[in-house]
Amino acid sequence: MPSFDHSRGALARSSAKAIAIGCHKVGDDDLALTDSGSEIAEALEADLLASLRAVRFDGEVGAVAALPAGHGVNAESLLVYGLGKADDVDGEVLRRAGGALATAAAKAPSLAVALPGVDGLDHESAAQAMVEGIELGSYRFDEFKTDAEAIALEAVTIHGADGADTKTVKRGIATGEATAAAVCLARDLVNAPANAKRPTALAARAKAECKGTGIKVKVLGHDELTKGGYGGILGVSRGSEEPGQLVQLTWSPSGAKKHIVLVGKGITFDSGGLSLKPGGSMMTMKMDMAGAATVLATVKALAELGVKVKVTGLMALAENMPSGSAIRPGDVLHHRGGKTVEVLNTDAEGRLVLADALVHGSDLKPDAIVDMATLTGAALVALGDQIGAIMGTDPEVIAGIREAGERVAEPFWELPLAKDKYDERLKSEVADLRNIPNVSGQAGTVTAGLFLSHFVGEGIPWAHLDIAGIAWTDNGTATYQTKGATGAPVRTLVEWLSRQ
Ligand code: BES
Ligand code: ZN
Ligand code: ZN
């Protein structure tokens, strides 16, 4: 990961190997340099726009032209990044520009970036977005490669736009760094192979990550879960040689007025259990703990940023495997709090571990509970890998999260928690509930959400994020999204909680 710094000096005098300036698109095919761009053009005594046209640079967001710098500036190379139309520049544009710069500067050890002045975007947010873009775009998962190339880009200096004061830009850089580090942590955990993050190992990792942060960590292992009647986590874990774990992270700053509980699905591998998945569907199922990874990364970021909200994070960890001691279709589980569930499909395991965690979270009497889970393939089918599904009982919480998601370009679309329509499909003949609806192939994301609603304490505002689509991408649309784990929705939650 590169380190970030701030400078008020002239970009032309920067000692960085590469310097970067922005360039807007005007009309259909005209270009306009930003103020810092014009200054560099002057220092170089060059017709920069002519050079940019010669290399067919179009000024689109995500485009970067690399030019030799020449005399007049210290740097060896000049990177010109596209900003699109001036009226459309926002945080996401800068984040995407940052992602593109990370790729373009991958072979330079140091980079100095001039931020553009943007109407309607404060200097702090601009710095934050650029830092996030560069750091997330530099992300590589090479822990398991023996011949990994070291990332060359080590140091990035941010030059604020005209009129930006040092403190403001520095604050933006710090927020960007903490947020991006949290996203990268979530990506690392989700990308990690399942044999390197089995429940006890992941619980130990959570402890290690929280050392020295002020976050208190409590781990409920097999014995505590048995004593406490956490039949969902225990039941799912039965098919694995590894016991399940419930990790509780507490960030409790003085002066906090609100207490929010975050719950994450942490299936470290989802084979489907005895309702075994076909091989192809299993290939990415190491990602089935993305909810729990999001919880850990978010709480860590809040502590790092000193956010004044009390947050309890719950990671419901289990491995869903099909051994001789695995739960069978038709088995009944006794959940924390007493409700019973008939398990008719062992591949609908996420809701079983979440049920216990939601009861545990409700017992803490928080102001709101938000759970996140790679819960249903149907969420991926409905909304793809760029839009998350949200539902719940509290319009204000849902709106708040959706607005935060909109601000950081992690959009969520609300699905109805249609109790009156579909809840009866979850009634069991032998237990309180069945874990899959009695009508298959319909509204899978909604019925999963409805199942969870039965375990949320009466009157506690609750939202459920189905992140089965957005936690992972095989393509990546934005420049700062790398293939594999996306780290979503860490940025949304950090944004939402920072404004509570
Ligand atoms: N972990 C899966 C959901 C999933 C699928 C996440 C694809 C990411 C990508 C979940 O445990 C699961 O298997 N759900 C079943 C539920 C069904 C049995 C009711 C599903 O979606 O098919
Ligand atoms: Zn499953
Ligand atoms: Zn699963």
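What comes next concerns the included structure. Predicted model only: the values in this text are computed from it and were never measured.

1. Concerning the sheet that holds strand 14 (residues 368–373)
And then number 1: Ordered by their spatial adjacency, 8 strands build an open sheet running 8-9-11-10-14-18-15-16, and the pairing between neighbours is mixed. Here the strands that pair on one side only, and so sit at the sheet edges, are strand 8 (216–220) and strand 16 (412–414). Each strand axis lies, on average, 20 degrees off the axis of its neighbour in the sheet, ignoring direction.
And then number 2: Relative to strand 14, strand 10 (residues 259–270) runs parallel, the two being bridged by 5 bridges. Looking at strand 14, one finds that I260 is bridged to A368.
And then number 3: Running at roughly 145 degrees to strand 18 (residues 462–466), helix 15 (residues 444–453) makes contact with strand 14, strand 15 (388–392) and strand 18 of the sheet.
And then number 4: Most of the contacts of helix 16 (residues 490–498) go to strand 10, to which it runs at about 170 degrees, and overall it touches strand 10, strand 11 (310–320), strand 14 and strand 16.

2. Considerations on the pattern of salt bridges
Two side chains bearing opposite charge may form a pair once their charged atoms approach each other closely.
And then number 1: Scanning the model with the defined rule gives 20 salt bridges in all.
And then number 2: Across the pair E349 and K265 runs a salt bridge whose closest N-O atoms are separated by 3.1 Å. One end of the pair, E349, is in the loop between strand 13 (340–343) and helix 11 (350–363); the other, K265, is in strand 10, with 84 residues separating them in the sequence.
And then number 3: What makes E349 buried here is its relative accessible area of 0%.
And then number 4: Taking the relative accessible area as the measure of exposure, K265 reaches 2% and is therefore buried.
And then number 5: We note a salt bridge from R407 to E495, for which the minimum N-O separation is 2.5 Å.

3. Notes on the coordination of the zinc ion (ligand 2)
And then number 1: Protein coordination of the zinc ion (ligand 2) is provided by D270 (OD), D347 (O), D347 (OD) and E349 (OE), with donor distances spanning 2.0 to 2.2 Å.
And then number 2: Classification of the site at the zinc ion (ligand 2) as irregular follows from its 6 donor atoms and the range of 70 to 168 degrees in their angles at the metal.
And then number 3: The distance between the zinc ion (ligand 2) and the zinc ion (ligand 3) comes to 3.2 Å, with D270 serving as a donor to both metals. Here the residue D270 occupies a position in strand 10, and E349 occupies one in the loop between strand 13 and helix 11, the gap between them amounting to 79 residues.

4. Some remarks on the site of ligand 1
And then number 1: Lining the immediate environment of ligand 1, one finds 16 residues, of which D270, K277, D288, D347 and G377 sit closest.
And then number 2: Between ligand 1 and T374, the relevant distance is 3.4 Å, taken from a nitrogen atom to a main-chain nitrogen or oxygen of the residue.
And then number 3: Between ligand 1 and the protein, one listed contact pairs a nitrogen atom with a backbone N or O atom of L375 at 3.4 Å.
And then number 4: Contact with the protein chains covers 78% of the free accessible surface of ligand 1, which is 520 Å².

5. Concerning the side chain of Q481
And then number 1: Here Q481 shows up in the loop between strand 19 (472–473) and strand 20 (484–485).
And then number 2: Judged by relative accessible area, Q481 falls into the buried class, the value being 17%.
And then number 3: A polar atom in the side chain of Q481 sits 3.2 Å from the side chain of Q386.
And then number 4: Residues within four places of Q481 in sequence aside, it is in contact with R187, Q386, T473, G476 and T486.

6. Brief notes about the coordination of the zinc ion (ligand 3)
And then number 1: Only K265 (NZ), D270 (OD), D288 (OD) and E349 (OE) from the protein coordinate the zinc ion (ligand 3), and they sit 1.9 to 2.5 Å from it.
And then number 2: Viewed at the metal, the 6 donor atoms of the zinc ion (ligand 3) are separated by angles of 77 to 172 degrees, and the geometry they form is octahedral.
And then number 3: Taken in chain order, the donor set of the zinc ion (ligand 3) reads K-x4-D-x17-D-x60-E.

7. Looking at the packing of aromatic side chains
And then number 1: Per the stated rule, a full pass over the model turns up 2 aromatic pairs.
And then number 2: Ring centres of F141 and F144 lie 5.9 Å apart, and the angle between their planes is 40 degrees; on these two criteria the pair is classed as tilted.
And then number 3: In this structure F141 comes out as partly exposed when scored by relative accessible area, which is 25%.
And then number 4: Over the aromatic face of Y139 sits the side chain of R187, whose NZ or CZ is 5.2 Å from the ring centroid.
And then number 5: Here the basic side chain of R402 rests over the ring of W413, its NZ or CZ set 5.2 Å away from the ring centre.

8. A word on a negative patch on the surface
And then number 1: Taken together, D35, E39, E42 and D162 make up a surface patch of like negative charges.
And then number 2: Among the structural elements, E39 can be located in helix 1 (residues 35–44).
And then number 3: What makes E39 partly exposed here is its relative accessible area of 46%.

9. Describing the sheet that holds strand 13
And then number 1: Spatially, 12-13-17 is the arrangement adopted by the 3 strands of the open sheet, whose pairing is mixed. Edge positions in the open sheet fall to strand 12 (331–334) and strand 17 (433–434), since each of these has one partner strand only.
And then number 2: Inspection of the sheet shows strand 12 paired to strand 13 by 4 bridges, in the antiparallel sense. What sits directly across from D331, in strand 13, is V343.

10. Describing the pairing of strand 6 (residues 110–114)
The side chains of a regular strand alternate between the sheet's two faces.
And then number 1: For strand 6, the buried fraction is high: 5 of the 5 residues fall into the buried class.
And then number 2: Sheet analysis places strand 2 (residues 18–26) next to strand 6, joined by 3 bridges and oriented parallel. Paired with A18 across the strands is L111, a residue of strand 6.
And then number 3: Note that strand 6 and strand 7 (residues 155–159) share 5 bridges and pair parallel. Looking at the pairing, L111 lines up with V156 of strand 7.

Conventions we followed
Residues numbered from 1 in each chain as written. Chains lettered and ligands numbered in written order. Predicted model: local features only at pLDDT ≥ 70, side-chain atom pairs only at ≥ 80, totals over all residues. Heavy atoms only, no water. Pairing = 2+ DSSP bridges. Helix = DSSP H or I, 4+ residues; strand = E, 2+ residues; numbered from the N terminus. Axes fitted to C-alpha atoms, helices over the stretch in contact; angles between N-to-C directions. Contact = heavy atoms within 4.5 Å. Salt bridge = Lys/Arg side-chain N within 4 Å of Asp/Glu carboxyl O. Buried < 20%, exposed > 50% of the residue type's maximum accessible area, 1.4 Å probe, protein only. Donors = N, O, S within 2.8 Å, 3.2 Å for Na, K, Ca; no water. Tetrahedral: all angles 85-135°; square planar, octahedral: opposite > 155°, others 65-115°. Near = heavy atom within 4 Å. Polar contact = N/O pair within 3.5 Å; in protein donor to acceptor, adjacent residues only side chain to side chain. Areas by Shrake-Rupley, 256 points an atom, 1.4 Å probe, with all protein chains shown as cover. Phe/Tyr/Trp six-rings, centres within 6.5 Å; stacked < 30°, edge-to-face > 60°. Lys NZ or Arg CZ within 6 Å of the ring centre and 35° of its normal. Patch = residues over 30% accessible without salt bridge, like charges linked within 9 Å, V, L, I, M, F, W, Y side chains within 5 Å. Lys, Arg positive; Asp, Glu negative; His and termini not counted. Charge placed at Lys NZ, Arg CZ, Asp CG, Glu CD.

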